[in-house]
Amino acid sequence: VQLQASGGGLVQAGGSLRVSCEASGRTFSTYDMGWFRQAPGKEREFVAAITWNGGTTYYAESVKGRFTISRDNAKNMVYLQMNSLKPEDTAVYYCAAGPRYSGTYYASPERYNYWGQGTLVTVSS
């Protein structure tokens, strides 16, 4: 699976942005998908995840209620809708794909085998 993230940009605090991730390959629908982010000088952190069929979603506490992850298996796409953005949301956002039924915690980067190149989101105050 190859992943291509897009949609990043500059937005004011309180604004909204949607980042997208397009996957190649016919097996996209069999993968759980995750979004992670990495701010300058900080470690990569979990943001959100969605199971292979879209049936269950997971969120980091810091984004719960503001961000929504979704997927469209017919289009090989996964999305992260970000509302009420804060300056601390500034980071490079990465999408990742991992096998379903992995048993590894959704928030763990080790769960994911494939990573996109990242898209930069900058939130100004």
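Look above for the structure.
Residues numbered from 1 in each chain as written. Predicted model: local features only at pLDDT ≥ 70, side-chain atom pairs only at ≥ 80, totals over all residues. Heavy atoms only, no water.

1. Things to note about the overall build of the protein
Part 1: Tallying secondary structure elements over the protein gives 0 helices and 11 strands in all.
Part 2: Counting helices and strands in the order they occur from the N terminus, the protein gives β-β-β-β-β-β-β-β-β-β-β.
Part 3: Taken over the C-alpha trace, the protein has a radius of gyration of 13 Å; the compact-globule value for 125 residues is 14 Å, and the two agree within 12%.
Part 4: Overall, the C-alpha framework of the protein stretches about 40 × 25 × 25 Å when taken along its three principal axes.
Part 5: Sorting the 125 residues of the protein into buried and exposed places 45% on the buried side.
Part 6: A fraction of 57% describes how many contacts in the protein between residues 6 or more apart in sequence connect residues 24 or more apart.
Part 7: Carbon together with sulfur atoms contributes 47% to the accessible area of the protein, which is approximately 6,400 Å² in total.
Part 8: Across the protein, 12 positive and 9 negative side-chain charges occur, with their mean positions spaced 5 Å apart. (Helix = DSSP H or I, 4+ residues; strand = E, 2+ residues; numbered from the N terminus. Rg over C-alpha atoms; globule rule 2.2 N^0.38 Å. Buried < 20%, exposed > 50% of the residue type's maximum accessible area, 1.4 Å probe, protein only. Contact = heavy atoms within 4.5 Å. Areas by Shrake-Rupley, 256 points an atom, 1.4 Å probe, with all protein chains shown as cover. Lys, Arg positive; Asp, Glu negative; His and termini not counted. Charge placed at Lys NZ, Arg CZ, Asp CG, Glu CD.)

2. Examining the pairing of strand β3 (residues 17-23)
Part 1: Of all 7 residues in β3, 5 are buried; the element is thus mostly enclosed.
Part 2: Here strand β1 (residues 3-6) runs beside β3; their pairing, made up of 4 bridges, is antiparallel. When the bridges of β3 are listed, Gln4 appears paired with Glu22.
Part 3: Summarising the sheet, β3 and strand β8 (residues 77-82) pair through 6 bridges and their orientation is antiparallel. When the bridges of β8 are listed, Val19 appears paired with Leu80. (Pairing = 2+ DSSP bridges.)

3. Looking at the packing of aromatic side chains
We describe a pair of aromatic rings using the distance from one ring centre to the other and the angle between the two ring planes.
Part 1: Following the criterion strictly, the structure yields 7 aromatic pairs and no others.
Part 2: Pairing Tyr112 with Trp115 gives two aromatic rings, centres 6.2 Å apart and planes at 70 degrees, and the pair type is edge-to-face.
Part 3: Assessed through its relative accessible area of 28%, Trp115 is described here as partly exposed.
Part 4: Among the aromatic residues, those joined into a cluster by ring pairs are Phe36, Phe46, Tyr112 and Trp115. (Phe/Tyr/Trp six-rings, centres within 6.5 Å; stacked < 30°, edge-to-face > 60°.)

4. A look at the nonpolar core
Part 1: Met33, Trp35, Leu80, Met82 and Tyr93 are the most contacted members of the largest nonpolar core, which has 37 residues in total.
Part 2: For this core, the elements supplying multiple residues, two or more each, are β1, β3, β4 (31-38), β5 (45-50), β7 (67-72), β8, β9 (91-99) and β11 (119-124).
Part 3: Dropping the residues within four chain positions of it, Tyr93 is found in contact with Ala5, Trp35, Phe36, Arg37, Val47, Phe67, Leu80, Met82, Gly118, Thr119 and Val121. (Core = buried A, V, L, I, M, F, W, Y, C linked by side-chain atoms within 4.5 Å.)

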